[in-house]
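Close look at the chain arrangement
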Amino acid sequence: MSELAGKLEDLERRFVDAAAQAVDERALDAVRVAYLGRSGEVTTLRRSIGQLPASERPDAGKVINAAVERMEQQLDRAGSQIENRVFEEELAQEIDVTFPSIEPATGSIHPVRRVLRDASAYFERHGFAVVLGPEVEPDYYNFDALNIPPTHPAREGFDSFFITNTLLLRPHTSPMQIRTMQQHQPPIAVVAPGRCYRRDAVDARHLFQFHQVEGLLVAEGIHFGHLKGMLTGLCRELFGSSQTVRFRPSYFPFTEPSAEVDTTCPKCGGSSASCNMCGGSGWIELGGSGMVHPNVLHEVGYEPERYSGWAFGFGVERLGLARYEVDDIRRFVNSDADFLAQLS
Ligand code: PHE
């Protein structure tokens with residue numbers, strides 16, 4: 001019996017060492033098989049019980065069983081130690097628990113909306129009020145009051161969607177000039193952003209439904225320099241601090257003199273002959289402008305001898321193309337949320 005106890009003690013000591021040295025589950029399993037398996041050391045020891053005197057056999061069995069129980073507990077402990085260590089290693093190697101989690105998908109502000117908002121904010125900061133008006137307008141506001149009588153060829157320039165003979169979807173935001181001036185006495189300073197409609201064929205630079213931002217300032221002593229100053233500031237706000245503007249003589253029935261407004265190409269700054277944004281010209285076209293025509297002032301009951309003013313109307317999608325360096329205006333409306341989100 002004491003011989004068996006000695007062997008068992010030695011076996012258990014070796015087992016504890018071996019289990020502690022097992023580096024992974026596979027090594028631990030090999031230890032289990034070597035000691036507790038069907039042909040392992042403990043089984044061999046158990047068989048030797050038969051050689052003991054019959055009176056000692058039950059105790060010997062109990063001593064071995066107790067040792068087996070301790071060994072099994074030891075295996076469990078070693079097993080969970082290995083598990084923990086593997087987990088720690090994985091954490092250290094692959095998973096950075098401080099890494100930000102995946103953000104839930106949220107909407108983004110549409111680039112056209114953003115341009116509208118920023119342009120309006122610029123004018124609001126300079127004391128302008130934002131005014132909104134109807135998209136369905138009588139021809140009086142769209143044309144007549146803007147010095148475009150029924151037979152005037154300029155009506156052709158505004159290929160309009162007519163609802164009745166005299167009612168149409170506004171082809172520009174200029175009707176808001178008339179509505180504002182009829183409601184308020186000078187001095188007035190307003191900005192009128194909104195949707196417009198024209199029967200244009202859709203291509204990379206045209207939509208039949210688009211946005212304009214209209215500006216109007218009427219007071220005593222207003223001159224073209226004020227217009228240039230405000231538009232230069234607007235372009236710097238939208239495109240960057242080194243922008244300049246250029247006026248090209250043009251014609252609108254409701255302004256005199258009239259000018260098309262260009263700004264320095266925000267992409268190449270005028271330095272690239274092969275720029276695909278400005279076509280190498282160095283300039284981007286923003287829209288029309290000019291000094292409010294005396295006939296228009298007269299129409300709304302302002303004295304043209306006393307008051308003068310400027311107005312402009314820019315295409316907001318055009319501003320967006322230049323600001324976000326987008327090559328095709330249709331990308332703003334084809335509902336590619338990922339594309340639009342990346343711009344804002
Ligand atoms: N309404 C003009 C257009 O849509 C632009 C414009 C506005 C021109 C104000 C001059 C003054 O083409």
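Basis of the calculations
Residues numbered from 1 in each chain as written. Predicted model: local features only at pLDDT ≥ 70, side-chain atom pairs only at ≥ 80, totals over all residues. Heavy atoms only, no water. Phe/Tyr/Trp six-rings, centres within 6.5 Å; stacked < 30°, edge-to-face > 60°. Helix = DSSP H or I, 4+ residues; strand = E, 2+ residues; numbered from the N terminus. Buried < 20%, exposed > 50% of the residue type's maximum accessible area, 1.4 Å probe, protein only. Lys NZ or Arg CZ within 6 Å of the ring centre and 35° of its normal. Expected span 1.5 Å × (residues − 1). Domains from an automatic or database assignment. Core = buried A, V, L, I, M, F, W, Y, C linked by side-chain atoms within 4.5 Å. 1 Å grid on protein atoms, 1.4 Å probe; cavity = no way out; pocket = protein on both sides within 12 Å on 5 of 7 lines; lining within 4 Å. Points joined across faces, edges and corners; volume = space filled by probe spheres on them. Nonpolar A, V, L, I, M, F, W, Y, C, P; charged D, E, K, R; others polar.

Side note on the packing of aromatic side chains
For the coordinates displayed, the defined rule picks out 13 aromatic pairs. Look at Phe15 and Tyr35: their rings are 5.3 Å apart centre to centre, the planes differ by 75°, and that puts the pair in the edge-to-face class. Remark: Tyr35 occurs in helix α2 (residues 25-36) and Phe15 occurs in helix α1 (residues 2-21); sequence separation between them is 20 residues. Considered together, Phe15 and Tyr35 belong to a single accessibility category, that of buried residues. Judged by centre distance (6.1 Å) and plane angle (35°), the ring pair of Trp310 and Phe312 falls under tilted. For the residue pair Trp310 and Phe312, the accessibility class agrees, reading buried in each case. Three or more aromatic residues link up through ring pairs in this structure, and these residues are Tyr122, Phe123, Phe128, Trp310, Phe312 and Phe314. Above the face of the Tyr141 ring, Arg179 is positioned so that its terminal group lies 4.1 Å from the ring centre. Note that Arg331 overlies the ring of Phe339, its terminal NZ or CZ placed 3.9 Å from the centroid.

Regarding helix α5 (residues 111-125)
For α5, built from 15 residues, the straight-helix expectation of 21 Å at 1.5 Å per residue is met to within 8% by its first-to-last C-alpha distance of 21 Å. Within two residues after α5, Gly127 carries a phi angle of roughly 90°, on the positive side.

What to know about the domain arrangement of the protein chain
Entries for the protein chain in the domain assignment read domain 1 (2-92) and domain 2 (111-343). Centre-to-centre, using C-alpha coordinates, domain 1 lies 88 Å away from domain 2.

Regarding the nonpolar core
Ranked by size, the top nonpolar core spans 45 residues in total, and within it Phe123, Trp310 and Phe314 carry the most contacts. Mapped by element, the contributors of at least two residues to this core are α5, β4 (188-197), β5 (209-219), α9 (224-239), β8 (283-292), β9 (308-315), α11 (316-324) and α12 (337-343). Residues Ile148, Leu216, Val292 and Ala311 belong to the second largest nonpolar core, which totals 26 residues.

Some points on the layout of surface pockets
Looking at the largest pocket, its volume works out to about 720 Å³. Lining the largest pocket are 35 residues, and of these Arg198, Gln212, Gly287, Gly288 and Gly313 lie nearest its centre. Sorting the residues of the lining of the largest pocket by element identifies α7 (154-157), β5, β6 (245-252), β7 (255-264), β8, β9 and α11 as the ones contributing at least two each. No other element matches β8, which puts five residues into the lining of the largest pocket. Taken together, the residues that form the lining of the largest pocket break down as 13 nonpolar, 14 polar and eight charged. By volume, the second largest pocket is sized at about 200 Å³. Taken together, 13 residues form the lining of the second largest pocket, with Arg113, Leu116, Leu132, Pro193 and Gly194 sitting closest to its centre. Residue assignment for the lining of the second largest pocket shows that the elements contributing at least two residues are α5 and β4. At four residues, α5 tops the list of elements feeding residues into the lining of the second largest pocket. By residue class, the composition of the lining of the second largest pocket is four nonpolar, four polar and five charged.

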